[in-house]
Amino acid sequence: MGSITLCLLALCILFIQTNGLLRSRDLPNEMAKCLNKFYKSCTIEDEVGLSILHNCIQEYKWKPNPERQYPVKRLSPGAIAYGERLARRVQSLGSRRGKRQAVRRRKEYRMLTDDERNRYHNAVRRLKESRNGESQYDMIASIHTGDIEQTAHFGCHFAGFHREYLKMYEEALREIDPSVTLPYWDSTIEQYMDSSAESLLFTAEFMGNGNGEVTSGPAANWQTETGPLRRNIGVEGELYLFEEIQNITNQTRFTDICGLTRDVESNGLEFHHGDIHLWVGGNMAELNTAADDPLFWMHHANVDRIWELQRSFARRAGVDVDNDYPTDPNDFGNEFHAPDAEFGLFRTDLRVRDGVSGQLINGIYQYEQPPTCSANRMDCGSNQLRCAQLNGRYLCISKTLEEYRRDLEEERTRPGGNNRGFPRQPTNPWFNRRWFGGNTRNPSRPMPRVNPGEPEAITYPLIDQCSAFEYKPIQNSFCANGRKDVKEWVYLPVRVISQRDPSFTKYDSYPVRSGNIRSGSDIYSLNSYTKLKSALNPGSPQCYQKCRSSQTGAGEVFVRTDGISYTGTYQEYAIVDQRLPVSVSVAYVAVKSPVRGKTSAVISAYDSCGRVCRPSCLNLRSKKYEPCSGAIDVTTKAPHLYAYSLGDSIMKLYGLNGAPQFNDNEIFLSFFCDYSNKW
């Protein structure tokens, strides 16, 4: 599938249809430039297509958009006054350095004591409470938008900006409870679980549920500008891999990890942090609403920790890290990331170049090490974690709620128990083939345990095939330009043509020849049909390292709309039959209604492994599909290739007024998920 055709404008054909409700259009220039930048620096065999696409769409949304039909966001007078006060508090931290000020110790969230965690949760809740008609939490979160602070993203000031932004948030919490220090979320603890979405982190006692509206945890029932706070964990994206962190922390120069570095897809601090935003989903998936979720601050504290590890490595290599901000525009990004540009965050005393100064962290806070375990010490230091051994490497992973409750109960009933849970031999965790053992898809036998008390040694991928079906409801906000109502949207069907994943080999149905079952290739395998295999020519595009395979062959292709002329997104998925060499399905997605004026949006499709599909649009004259950009204009002119409700869209597509008829000409946009190596 692998095609990010979106980034090759030369291949994007613009169809002019004078009376069409839907029209294909070019991508916005800035989005196309971003995609072409990646096209020149990497291949889709090296980097996951969805990571690139998401980065470029978010960059476009963050920057000023001449096409948008909504007002620029502004801070309220109360938010400005509050922000200035917090900035003064943060500035004073440096002036108090050396005056017997205790250095704050930021811990991994699971390493907090019960009292520390309860105090942290309580401070977060109280910060969200409305005071004089405004929530202080919302005031701080509202700063994190492209309209307010363009300097926060897509350039080398990303790291320094967020370092100070975290300190403002931490100061706000400490005004409520001076004992609170911001924890960080090391998401590798979830990444190497068998099922990351089942982490104890996403339960009521900890950070709350991760599916749909957040109704438990410290952010339960929060309201945001786009409606209820939402998460859709594990639907797309990926959590941190050890390899990614090592690639970043082993660089010696700041230009190696920031801004427009040629190796951004390998070493980019900002680039890789985006996959975690995508994995959490909901509000976190959009940069302009990400700070609505308290997970944002814990994730960015981990990003800050990773940056500090890189700075320590560079310092040991003899680099003057406090004066290592790039001065070449080809490195640092646009003018908002220039060394002498304004710092932002109400800090008139600082310039952008000051963001790399050690004065912003020295004597103020430091990070404690993430939890670890070993053959001699299986206890991860938290009853929320357990020790696993992967190919000789020991690491801590999160327990599930079931494991946590089981361990607490067993510890409670054990003589001398303290009701804190205890280390136990883990069940098999998921194994990352890229980091721990190459790219082989053939499982080898697990190594026998020498010591029965040690964690089981796993040396093979338990689940490693890409594309699989898992019931994953996606809660959309139905918010367009601040209006939160399904009536603000119109529906259109999108056709998804999906080629069989080359790695799917689990279907045990075989041809019979001369009375014998030939089990070399199953009945649907491309290997059985030379001409068909030659026509489809599958490749090997990069995919997320934690893709699941199902035994039935059912898989998902996600279809997403992102507003060009409006703020708003919509996402749904089609269920495809991965057994067949080629299968067809339909997804119904929504864009902002054009009743108040022309709607422009970009529509993209990708599978559960992050491999992007190629779009084509219906030429109303020839009635054939031809390559296009995936971007569309929607007007109120005929013919009506959309409907004002999902039900009406289904009725039109299938002609349900009589005998059902599948009306191909009601589908304007089609995607081919072909697993090719083409851009």
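Only a predicted model underlies this, so the values are computations on that prediction, with no experimental measurement involved. Throughout this description, residue numbers start from 1 for each chain and increase along the sequence as written. Per-residue local features of the predicted model are confined to residues with pLDDT of at least 70, and side-chain atom pairs are confined, for both listing and counting, to 80 or more; whole-chain, interface and lining totals are unaffected and use all residues. In computing side-chain values, all of the structure's heavy atoms are included and hydrogens and water are not.

Peer 1: Where do I start with the sheet that holds strand 20 (residues 582-592) in this structure?
Peer 2: The strands making up a sheet associate through hydrogen bonds between their backbones, and the pairing can be parallel or antiparallel. In short, DSSP must find at least two bridges between two strands for them to pair. Starting at the N terminus, helices and strands are each numbered in turn, a helix being any DSSP run of H or I of at least four residues and a strand any DSSP run of E of at least two. Taken together, 5 strands build an open sheet; the order of strands is 20-15-25-22-23 and the sheet is mixed. Strands at the two margins of the open sheet, each flanked by one partner only, are strand 20 and strand 23 (624-627). Direction aside, neighbouring strands of the sheet carry axes that sit 30 degrees apart on average. Pairing of strand 15 (residues 489-499) with strand 20, which is carried by 11 bridges, proceeds in the antiparallel orientation. Each residue of the ladder has a partner; that of Ile 497, found in strand 20, is Val 584. Only heavy atoms enter the contact rule, under which two residues are in contact if any of them lie within 4.5 Å. Helix axes are fitted to C-alpha atoms over the stretch in contact, other axes to C-alpha atoms as well, and angles between N-to-C directions run from 0 to 180 degrees. Most of the contacts of helix 16 (residues 646-654) go to strand 20, to which it runs at about 140 degrees, and overall it touches strand 15 and strand 20.

Peer 1: Quick question: what am I supposed to make of the state of the cysteines here?
Peer 2: In a disulfide, the sulfur atoms of two cysteines are covalently bonded to one another. Criterion for a disulfide: a pair of cysteine sulfur atoms within 2.5 Å. Per the counting criterion, the structure on display carries 6 disulfides. Disulfide partner of Cys 380: Cys 396, at an S-S distance of 2.1 Å. Between Cys 380 and Cys 396, the disulfide has an S-S torsion of -105 degrees and is therefore left-handed. Separated by 16 residues along the polypeptide, Cys 380 in the loop between strand 9 (365-367) and strand 10 (385-390) and Cys 396 in strand 11 (residues 393-398) bring together distant segments of the chain. Classification of Cys 380 by relative accessible area gives buried; the value is 4%. Partly exposed describes any residue whose relative accessible area lies between the buried limit of under 20% and the exposed limit of over 50%, with all areas from a 1.4 Å probe on protein chains only and scaled to the type maximum. We classify Cys 396 as buried; its relative accessible area is 4%.

Peer 1: Mind showing me how you'd approach the packing of aromatic side chains here?
Peer 2: The description of two aromatic rings rests on the distance between their centres and on the angle between their planes. A pair of aromatic rings is counted whenever rings of Phe, Tyr or Trp (Trp by its six-membered ring) have centres within 6.5 Å, and the orientation is called stacked for planes under 30 degrees apart, edge-to-face for over 60 and tilted otherwise. This model, assessed by the stated rule, comprises 26 aromatic pairs. Relative to Phe 296, the ring of Tyr 165 has its centre 6.2 Å away and its plane inclined at 70 degrees; by these criteria the two rings are edge-to-face. Linking Tyr 165 in helix 6 (residues 157-176) with Phe 296 in helix 11 (residues 295-316), this pair joins segments that are 131 residues apart in sequence. For Tyr 165, a relative accessible area of 1% translates into the label buried.

Peer 1: Looking at this model, I keep getting lost on the nonpolar core. Mind explaining?
Peer 2: Soluble globular proteins tend to pack their nonpolar side chains together in the buried interior. Ranked by size, the top nonpolar core spans 84 residues in total, and within it Tyr 169, Trp 185 and Trp 297 carry the most contacts. Examining the composition of this core, we find that 10 residues originate from one element, helix 6, more than from any other. Nonpolar core, defined: a set of buried Ala, Val, Leu, Ile, Met, Phe, Trp, Tyr and Cys residues in which side-chain atoms within 4.5 Å join the residues together. If you look at the next biggest cluster of nonpolar residues, it comprises 39 residues, including Val 589, Cys 617, Phe 668 and Leu 669.

Peer 1: Any chance you could explain the packing of helix 1 (residues 29-41) against helix 2 (residues 49-62) here in plain terms?
Peer 2: When two helices pack together, their arrangement is captured by the angle between the axes and the distance separating the axes. Closest axis-to-axis distance for the helix 1/helix 2 pair is 9 Å, and the angle between their directions is 150 degrees. Helix 1 and helix 2 meet at a crossing whose hand is right-handed. Of the residues in helix 2, those touching helix 1 at Glu 30, Met 31, Cys 34, Leu 35 and Phe 38 are Ile 52, Leu 53, Asn 55, Cys 56, Ile 57, Glu 59 and Tyr 60. Handedness of a helix crossing follows the sense of rotation of the near helix relative to the far helix, less than a right angle counterclockwise being left-handed and clockwise being right-handed.

Peer 1: Would you explain the packing of helix 4 (residues 114-128) against helix 6 in this entry?
Peer 2: Taken N-terminus to C-terminus, the directions of helix 4 and helix 6 make an angle of 100 degrees; their axes are 9 Å apart at the nearest point. Overall, the two elements helix 4 and helix 6 adopt an arrangement that is roughly perpendicular. When helix 4 is examined against helix 6, the residues Tyr 120, Ala 123, Val 124, Arg 126 and Leu 127 are found in contact with a partner set consisting of Tyr 169, Ala 172, Leu 173 and Ile 176. In the contact of helix 4 with helix 6, the residues fall into 8 nonpolar, no polar and 1 charged. Any angle that falls under 35 degrees is termed roughly parallel, while one over 145 is termed roughly antiparallel, one within 65 to 115 roughly perpendicular, and all others oblique. Three residue categories are used. Nonpolar comprises Ala, Val, Leu, Ile, Met, Phe, Trp, Tyr, Cys and Pro, charged comprises Asp, Glu, Lys and Arg, and polar comprises the others, including Gly.

Peer 1: Help me understand the environment of Gly 358, please; the structure alone is not making it clear to me.
Peer 2: Looking at the element boundaries, Gly 358 is found in the loop between helix 12 (329-332) and strand 9. Under the relative-accessibility criterion, Gly 358 is labelled buried at 1%. When the C-alpha positions of Gly 358 and Asp 322 are compared, they lie 5.8 Å apart, and in sequence the two are 36 residues distant. Setting aside residues no more than four positions away along its own chain, Gly 358 makes contact with Arg 311 and Asp 322.

Honestly, it's all geometry; don't read function into it.
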